[in-house]
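Take a look at the letters that make up each chain.
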Amino acid sequence: MPSGSQEIHAWAAFDQCDILAELDLLQLGESLRTAALEQGGYDDESFDVMVTIADVLVAEHGWSFEQSDGWLERMGLWQDD
C-alpha cells in the first residue's frame, strides 16, 4: 500500500502529465495559427483541428466554453468582417 508521500507524488505526476498534454495542444494550435498566417487563412482541415483542440480543452482540461471560444478568437478563427 502506498504511503502518503507516494500518493502525493503520484497525484503530482498525474497533474504534471495533464498540464503537459494541455501545453502540447496549445503548441499545436500555435503552429497551426502560424501556418494559417503564412497561407492567408486556415484551410478546412486546420480549422477543424483547431475547433477539436478547443473542444478537448473544455472536455479534458477544465476550460469553460467562454475560454475556448476566446482562444479560438485570439487564434484568428473568428473574424469580424
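The paragraphs below set out a description of the structure included in this document. (Residues numbered from 1 in each chain as written. Predicted model: local features only at pLDDT ≥ 70, side-chain atom pairs only at ≥ 80, totals over all residues. Heavy atoms only, no water.)

Side note on the overall build of the protein chain
Put simply, the test is: We count a stretch as a helix when DSSP gives it H or I for four or more residues in a row; a strand needs E for two or more, and each element gets its number in order from the N terminus. We call two residues in contact when some of their heavy atoms are within 4.5 Å. Values of accessible area rely on a 1.4 Å probe in the Shrake-Rupley scheme; residue burial ignores everything except the protein chains shown.
When helices and strands are tallied, the protein chain shows three helices and zero strands. Sequence-ordered secondary structure for the protein chain, helices as α and strands as β, is α-α-α. A separation of at least 24 residues holds for 53% of the contacts in the protein chain among residues at least 6 apart in sequence. Within the structure as shown, the protein chain displays about 6,000 Å² of accessible surface, and the carbon and sulfur contribution to it stands at 56%.

Brief notes about the nonpolar core
Spelled out, the test is: In this text, buried Ala, Val, Leu, Ile, Met, Phe, Trp, Tyr and Cys residues form a nonpolar core when linked through side-chain atoms within 4.5 Å. Burial classes: relative accessible area under 20% of the type maximum marks a residue as buried, over 50% as exposed, and values in between as partly exposed (1.4 Å probe, protein chains only).
Residues Leu25, Leu32, Met50, Ile53, Ala54, Leu57, Val58, Trp63, Trp71, Leu72, Met75 and Leu77 constitute the largest nonpolar core, which totals 12 residues. When contributions to this core are tallied by element, the ones reaching two or more residues are helix H1 (4-39), helix H2 (44-61) and helix H3 (65-74). A per-element tally of this core places H2 first, with five residues. Those residues within four positions of leucine 77 in sequence are excluded, and the remaining contacts are Tyr42, Phe47, Met50, Val51 and Leu72.

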